[in-house]
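Each chain, letter by letter, is given below.
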Amino acid sequence: MGAGRFAPSPSGELHLGNLRTAILAWLFARSTQRDFLMRVEDLDRARAGAEETQLADLRAIGLNWDGPTVRQSERAPLYAAAINELRQRNLVFECFCTRRDIAEASSAPHAAPGTYPGTCRDLTESERASKRESRPAALRLRSATGEFTITDLLHGPFTGVVDDFVVLRNDGVPAYNLAVVVDDGVQGIDQVVRGDDLLSSAPRQAYLAQLLGYPAPTYAHVPLALNAEGKRLAKRDGSVTLVQLAAHGIDATEARAMMLASLGLPVESLEAALSAFDPALLPTDPWVFTTDPGSGRGMRTTPENR
Ligand code: GLU
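Thresholds, definitions, all that
Residues numbered from 1 in each chain as written. Predicted model: local features only at pLDDT ≥ 70, side-chain atom pairs only at ≥ 80, totals over all residues. Heavy atoms only, no water. Pairing = 2+ DSSP bridges. Helix = DSSP H or I, 4+ residues; strand = E, 2+ residues; numbered from the N terminus. Axes fitted to C-alpha atoms, helices over the stretch in contact; angles between N-to-C directions. Buried < 20%, exposed > 50% of the residue type's maximum accessible area, 1.4 Å probe, protein only. Parallel < 35°, antiparallel > 145°, perpendicular 65-115°, else oblique. Left-handed = near helix turned anticlockwise from the far one by under 90°. Contact = heavy atoms within 4.5 Å. Nonpolar A, V, L, I, M, F, W, Y, C, P; charged D, E, K, R; others polar. Core = buried A, V, L, I, M, F, W, Y, C linked by side-chain atoms within 4.5 Å.

Lay out the sheet that holds strand β8 (residues 166-168) with the relevant residues and their values.
Spatially, three strands are ordered β4-β5-β8 in an open sheet, and the strand pairing comes out antiparallel. Single-partner strands in this sheet number two, and they are β4 (92-95) and β8. Strand-to-strand twist in this sheet, taken as the mean axis angle between neighbours without regard to direction, amounts to 45°. Relative to β8, strand β5 (residues 138-141) runs antiparallel, the two being bridged by two bridges. Pairing of L139 across the sheet is with L168, part of β8.

Printed below as a string of structure tokens:
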């Protein structure tokens, strides 16, 4: 039996878009007889108290998960071991570039925008020694490919850039792409359901997973929630967190019903939604969530949203 997961970053309260992704991750896992694991991604962006609030909100909408909640901040030895292995296999190199160096180099003609241009890949040992004196190094993967293809349940085959991405930041913190791959691998997670803003990261992660000997998970990158202007939903949009909704007299069960309705699923319980869940019928467009100021009950979502 494999496992699915939800992996929130405790940077603030979850909003309806995040909670809807969590519901989807739960539905994907439970409908395929997988465990469902909770992992708090608190290597950075952690705000005091946010983890407790997020987990309480996930419970309030009826989600349950298996085993203890895992925190990335408590797993440093696992990341260090993976980085060590990459080091020993000569699969990483020290990089001294600033963001600005990279932006300038990658805006050169013929460079793929946003892609690491390889500046520090082939420095000599004496060049590295002198650069170390002015700036701590990040570690980048010595990638042997420029792209990698993953298969996504919603997007089909997806080919994306795999450059020499950072695996250890120059402040000593493991990079998100490294931590997520190590965690999914070590935790036996074989199903990754998350927002489709991360689709473009999946090829890098799947490539690294392969290097570290982990099987590629099944991916489902699900549509995000947008506000009335078509921008990614955010807390400042108002009436989008459970606390904000409660102030309008909308409790967690009613909020869950709104999210399930947006997925075209029965709204009366998670179990009813689970029985009806069929990934092939999921909406592939973003969920446009508009709120009527003043009257919480005037909230509309796009009809059917299929
Ligand atoms: N922690 C990431 C986020 O909250 C999700 C990472 C993942 O699901 O792989 O955006």
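Report on the pairing of strand β9 (residues 191-195), specifying residues and quantitative values.
Of all the five residues making up β9, five are buried; the element is thus mostly covered by neighbouring parts of the structure. Judged from the five bridges that link them, β9 and strand β10 (residues 218-222) form a sheet pairing that is parallel. Note that in β10 the partner of Q191 across the bridge is T218.

Report on the packing of helix α6 (residues 176-186) against helix α7 (residues 202-211), specifying residues and quantitative values.
One can describe the packing of α6 onto α7 by two numbers: an axis separation of 9 Å at closest approach and a directional angle of 55°. Classed by the angle they form, the pair α6 and α7 counts as oblique. Like other packed secondary-structure pairs, α6 and α7 cross with a definite hand, here right-handed. Each of Y176, N177, L178, V180 and V181 in α6 lies in contact with α7, whose residues at this interface are R204, Q205, L208 and A209. When grouped by side-chain class, the residues that make up the contact of α6 with α7 number six nonpolar, two polar and one charged.

Please give an account of the nonpolar core that cites residues and values.
Counting 41 residues, the largest nonpolar core has L16 and L58 as the members making the most contacts within it. Contributions of two or more residues to this core are made by α1 (16-31), β2 (35-40), α2 (50-60), β10, α8 (242-247), α9 (252-262), α10 (270-276) and β12 (287-290). When residues of this core are assigned to their parent elements, the largest contribution, ten residues, is made by α1. When residues no more than four places from it in sequence are discounted, the contact partners of L58 are F6, L14, L19, A22, M38, L63 and W65. With 32 residues, the next largest nonpolar core counts L139, I150, V162 and A179 among its residues.

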